[in-house]
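Single-letter residue listing:
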Amino acid sequence: SIVCSTRRPGIALNASAPRATMDITQLLVNAQSPDANTRQHAEQTMEQAKQSNLPMFLITLSAELANEEKPPEARRLAGIIVKNSLDGKSAATQHELTEAWVTIDMAMKQQIKMSVTSALGSAAFQARQAAAQVVAKIAAIELPRGEWGELIDLLTSNVATQNDFLKQATLECLGYICEEIEPQILAAKSNQVLTAVVQGMRKEETNNDVRRAATVALNNALEFVKTNFDNEQERNYIMQTVCEACVSEAIAVRSAAYECVVKIAGLYYGKLAPYMQALFQLTFEEIKNGTDQVAQQAVEFWSTICDEEIEIHLEMEEARGTGESPDQVSQDFVKGAMPYLVPLLLQTLTKQDEDQEDDAWNVAMAAGTALALVAQACGDGVVPHVMEFVKANIQSADWRFREASTLSFGSLLEGPSKEVLAPLVLEAVPIMVTLMRDPSVQVRDTAGWTIGRICDHHSEIMQTQVPGAGTTYMHELIKPGGVLLEALKDEPRVAHNTCWAIHNLAEALDVDETQASSPLSPYFLDIVRALVVATERSDSAENNLRASSYEALNTVLSQSSMDTMPSLREIVPFLCEKLEKTFAMQIVSADDREEQNELQGLLCGTLQVVVQKLGGEVLPFADRLMQLFLEVFNSKNATVHEEALMAVGAVANGVERQFDKYMPHFRPFLIYGLQNHEQHQVCSVAVGVIGDLCRALEVGIFPYCDELITLLMQNLQNPNLNRNVKPPMLSVFGDLALAVSGGFEKYLSVSMQMLAAAAQTKVDTDNYDMLDYLNQLREGILEAYTGILQGLREDKKGDLFLPYADGVFSFLQVVAGDSERDDAVTRTAVGVIGDLAHTLGARVQAGLLSDPIKTLIREARKSDNAATKQVAQWAATTVKQVTG
């Protein structure tokens, strides 16, 4: 039992002696002890108390959090434990924790809430910070349920007090609440929250901790104050308050204010015009003279404006193509600011830190990103400004200016027209090759990145003849001893960008798998060897070099042509040996385990690429490959499972019916993948592998169908499974039906009921993500119908589908009336129409002749997509044959 009093809350050591309690304060102190045994004993004691009586456990800890006489560290941990008792990392865990809280007696919950809200005014920073998190977590559970209705009133009244500790913690709490809770839940209280937050932000507020907390809270509240932003007077006041915070002497306040400005630019771009002159002056001053941390946010403001205007221009272009009016029109703020903004960004590029950490972000890097976005937003107009800087500084004695000019040229390569850039890129390639040998590692690194950008956006240049050399630029880069192969031996950061350049160079070739030869063929083995050596470097863990080496290797292998097939066959045993060695790695630490997992995942990924390229020629290696992949599945790492599953799918595609002998051994791991709801990517890949197995085994998959279909049904009904797994899960019913043909009769009724239920799905049409999901879901349903119709027809059992035809036609009519459906849905819908006609003939004539069905076929025939047109033509012909 737990003894709870305001003086000495304690936790019982055993059930037989309920009064023999250990002081909760001592337990909390012990739980932070450097001694592992002391720490573990304290943690176990508290976990037992939590499991035996959660309400009393939370009451005890919340009382500890509120007790000003207790040590701040103990109070902080008490708050964290309460928060973690309410906060789940996954949807399923959160549901369990929410239910556990909801079932606690109302009076007990009230006691906990009184303690944690009183702790908001604590003089101890650690305690009030923890209290802010706990209050927000309880609010996240209760407010959506219509409970704790007085909370917002309590919090907003706190902000009006003279207690700075209480104001600061309360504003932090409001920020957490706004961050976590859906805007519509707080809509009725949004004015109240906004008034309190802006009150705390005002320049008259002398406590900078309060002002910073208020500014952060506003940032989190911006999404649900749309109504206030629509009101000019209220908007002016908010913007004035934010701009005043942007010139605060306190760096933390200024940084938070600029974060608000960035978010406002993204959410309320259309309302910015009256404030742009002020924002222009504020951001420019900060970029020129401010601290790095705040200047980054000022640069980010312009990056966000660029993002918005790039997106709006794309929408305007689409609207022009369809003859519609765009939702909004670009204000072209970036074009107006460009003559001043670009020179400022170019100067900011020279503020690099010589000794900075490789993954550190600074204002110079932010300026490079912004410059690339300005180039996309403004196109050709940027070129003269940048080229003037490049020509003046590319050969500077100061490495900072050489690096900045190299970066500025690389940033220019996407956006301006190819006609303008082509001669400049041709001129730049030999200069970049020279810079790859620069004494400065920063310059070499950026030169490698710039070559990668050239390969990405101007790959045709690589096939151009080098003047006077009789060879191409590609030859100069990747010949034995060429600059890219040599750069793979350079510092890890340089080698990493070199891998990216090789990846882009190979990917741009777009080699057809039946192609006899390719421009890459003469260099194929040399590149593969150099990349393999890079993967084995002792420092390959730095700068993500190992992963980028494997990624480049995979791209080179995937772009191989027929004349490199002998080399591919030789690579398989070599890669198998490397994978086999990972099982013998000595594992003595978590880092060792992580390295083993990474290597196994990368090697499985590379083997998958090779196996896909070899196709049927993988057969001699299949036994060894499957033995290795089955051993890999013993790892508990999700990424490794994902890669191994995809590799097994590639083997199945290669050996086809002969995969049957591996199924008894592979089945448990496939089932485990399908049941892995927590790591939904693994589950999604497992679904994809079922499709591979259907195509490989055909009717040989039938003995496993009972189990697979049961699991698929359970997954589709599981509300906690990530929704993005469900569309391919629906589609795979079609794969199974195609594979087993008439054997699918056994599963027809349950499958059609499940597909009909999925077809009823409705989403918020104002949410683009949900509209995209609905399109994917419908495509999955339609693919399932197609597979089932074709599978049954193959065994002359098509008539079994007739009782379900009316339901399918009803669904097709819904699809036809959806103006938001994408081309893939249109194509699969028309495919189903053709299959209905082909399978059921004149018996479904009424449905085939209905106006919505005619509309679908007509629209598909007008599609810009050749595949959609082809399916529409076939469907129209098939329907005509049936209906006359």
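Everything numeric in this text was worked out from a predicted model, so none of it was measured. Every chain's residues receive numbers from 1 upward, in the order its sequence appears when written. Reporting in this predicted model follows two pLDDT cut-offs: at least 70 for local features of residues, and 80 or more for side-chain atom pairs to be given and counted; totals over whole chains, interfaces and linings ignore these cut-offs and use all residues. Where side-chain values are given, they derive from all heavy atoms of the structure, hydrogens and water being excluded.

Colleague: I'd like a description of unusual backbone geometry, backed by residues and values.
Modeller: Even without a glycine there, the phi angle at D510 is positive, about 50°. Within the chain, N543 stands out as a residue other than glycine whose phi angle is a positive 55°. Its place among the elements puts N543 in the loop between α27 (524-535) and α28 (545-558). Three exposure classes are used, based on accessible area relative to the maximum for each residue type with a 1.4 Å probe and protein chains only: buried under 20%, partly exposed in between, and exposed over 50%. On the accessibility criterion, N543 (25% relative accessible area) is partly exposed. Segments assigned H or I by DSSP are reported as helices when at least four residues long, segments assigned E as strands when at least two residues long, and all are numbered from the N terminus.

Colleague: Describe in detail the environment of N30, supporting the description with residues and values.
Modeller: Tracing the sequence through the fold places N30 in helix α1 (residues 24-30). Sequence separation between N30 and A42 is twelve residues; the distance between their C-alpha atoms is 5.9 Å. Any two residues having at least one pair of non-hydrogen atoms within 4.5 Å are treated as being in contact. Residues within four places of N30 in sequence aside, it is in contact with T38, R39 and A42.

Colleague: Report on the nonpolar core, specifying residues and quantitative values.
Modeller: The definition of a nonpolar core used throughout is a set of buried Ala, Val, Leu, Ile, Met, Phe, Trp, Tyr and Cys residues joined through side-chain atoms within 4.5 Å. Counting 304 residues, the largest nonpolar core has F659, F666 and L812 as the members making the most contacts within it. Discounting chain neighbours no more than four positions away, the residues touching F666 are M626, L630, F633, L645, V648, F659, V689 and L693.

Colleague: Could you give an account of the packing of aromatic side chains, naming the residues involved and the relevant values?
Modeller: Each Phe, Tyr or Trp ring, with Trp reduced to its six-membered ring, pairs with another whose centre is within 6.5 Å; inter-plane angles below 30 degrees give stacked pairs, above 60 give edge-to-face pairs, and intermediate values give tilted ones. This model, assessed by the stated rule, comprises 16 aromatic pairs. With a centroid separation of 5.4 Å and 65° between ring planes, the pair formed by F659 and Y662 is classed as edge-to-face. Of the two residues examined, F659 and Y662, each falls in the buried class. Here the aromatic rings of Y785 and F801 are separated by 6.4 Å at their centres, their planes lie at 85°, and the arrangement is edge-to-face.

Colleague: Please set out the packing of helix α37 (residues 745-759) against helix α38 (residues 768-794) residue by residue, giving values where relevant.
Modeller: Whenever a helix is involved, its axis is fitted only over the stretch in contact; in every case the axis is a line through C-alpha atoms, and angles between N-to-C directions fall within 0 to 180 degrees. Interaxial distance between α37 and α38 falls to 11 Å at its minimum, and their mutual angle equals 155°. Between α37 and α38, the angle falls in the class roughly antiparallel. In terms of crossing hand, the pair formed by α37 and α38 is left-handed. Residues E745, L748, M752, L755, A756, A758 and A759 of α37 lie in contact with α38, whose contacting residues are L777, I781, A784, Y785, I788 and L792. When grouped by side-chain class, the residues that make up the contact of α37 with α38 number twelve nonpolar, no polar and one charged. Here the word oblique covers every angle except those under 35 degrees (roughly parallel), over 145 (roughly antiparallel) and from 65 to 115 (roughly perpendicular). With the far helix as reference, a near helix turned anticlockwise by less than a right angle produces a left-handed crossing, and one turned clockwise produces a right-handed crossing. Classification used: nonpolar for Ala, Val, Leu, Ile, Met, Phe, Trp, Tyr, Cys and Pro, charged for Asp, Glu, Lys and Arg, polar for all others including Gly.

Colleague: Give me the lowdown on the confidence of the model for the protein chain, citing residues and values where you can.
Modeller: Here the protein chain shows a mean pLDDT of 92. Residues at 70 or above account for 97%. Of the regions scoring below 50 in pLDDT, residues 1-21 engages in 46 contacts with residues more than four places distant in sequence or in other chains. For every residue, the predictor reports its confidence as pLDDT, a number between 0 and 100.

Colleague: Got a sec to walk through the environment of S810? Specific residues and values, please.
Modeller: As for its position among the elements, S810 is in helix α39 (residues 805-816). S810 sits 37 residues away from G847 along the chain, and the two C-alpha atoms are 8.9 Å apart.

Colleague: Tell me about the packing of helix α30 (residues 590-614) against helix α32 (residues 638-655), and please be specific about residues and values.
Modeller: One way to put it is that α30 packs onto α32 with a least axis distance of 8 Å and a crossing angle of 20°. One way to sum up the angle between α30 and α32 is to call them roughly parallel. For the crossing formed where α30 meets α32, the hand is left-handed. For the pair α30 and α32, contact is made by N597, Q600, G601, C604, G605, Q608, V611 and Q612 and by V640, E643, A644, M646, A647, A650 and V651, respectively.

Colleague: How would you summarise a negative patch on the surface if you had to cite specific residues and measurements?
Modeller: Nonpolar side chains (Val, Leu, Ile, Met, Phe, Trp, Tyr) within 5 Å and like charges within 9 Å form the patches, drawn only from residues with over 30% relative accessible area and no salt bridge. All accessible areas in this document rest on Shrake-Rupley with a 1.4 Å probe, and a residue is counted as covered only by the protein chains that are shown. Any Lys or Arg side-chain nitrogen located within 4 Å of an Asp or Glu carboxyl oxygen qualifies as a salt bridge. The sign given to each residue is positive for Lys and Arg and negative for Asp and Glu; His and the chain ends receive no count. The location of each charge is read from NZ of Lys, CZ of Arg, CG of Asp or CD of Glu. Judged by side-chain charge, D456, E507, D510, D512, E513 and E551 come together as a negatively charged surface patch. Topologically, E507 is positioned in helix α26 (residues 492-509).

Colleague: So, the pattern of salt bridges: which residues are in play, and what are the values?
Modeller: In the structure shown here, the tally under the stated rule is 45 salt bridges. Ionic pairing is found between K83 and D87, a salt bridge with its closest N-O pair at 3.5 Å. On the basis of relative accessible area, D87 is assigned to the partly exposed category, the value being 28%. For K271, the salt bridge is made with D230, and the minimal N-O distance between the two is 3.4 Å.

Colleague: Report on the side chain of S561, specifying residues and quantitative values.
Modeller: Counting through the fold element by element, S561 comes out in the loop between α28 and α29 (565-582). Any N or O atom pair separated by 3.5 Å or less is treated as a polar contact, with the protein-specific requirement of one donor-capable and one acceptor-capable atom, and with residues adjacent in sequence counted only for side-chain atom pairs. A distance of 2.7 Å separates the side chain of S561 from the side chain of D563, its partner in a polar contact. In this structure, S561 is in contact with V511, Q515, A516, S517, S518 and S521, ignoring residues within four places of it in sequence.

Colleague: How would you explain the environment of S85 if you had to name every residue and give the values?
Modeller: Looking at the secondary structure, you find S85 in the loop between α4 (72-84) and α5 (91-102). By relative accessible area, S85 is classed as buried at 4%. Residues S85 and I312 lie 227 residues apart in sequence; the distance between their C-alpha atoms is 44 Å. Leave out the neighbours within four places in its chain, and S85 touches K50, F57, L58 and L97. Within polar-contact distance, the side chain of S85 engages the backbone oxygen of I81 at 2.8 Å.

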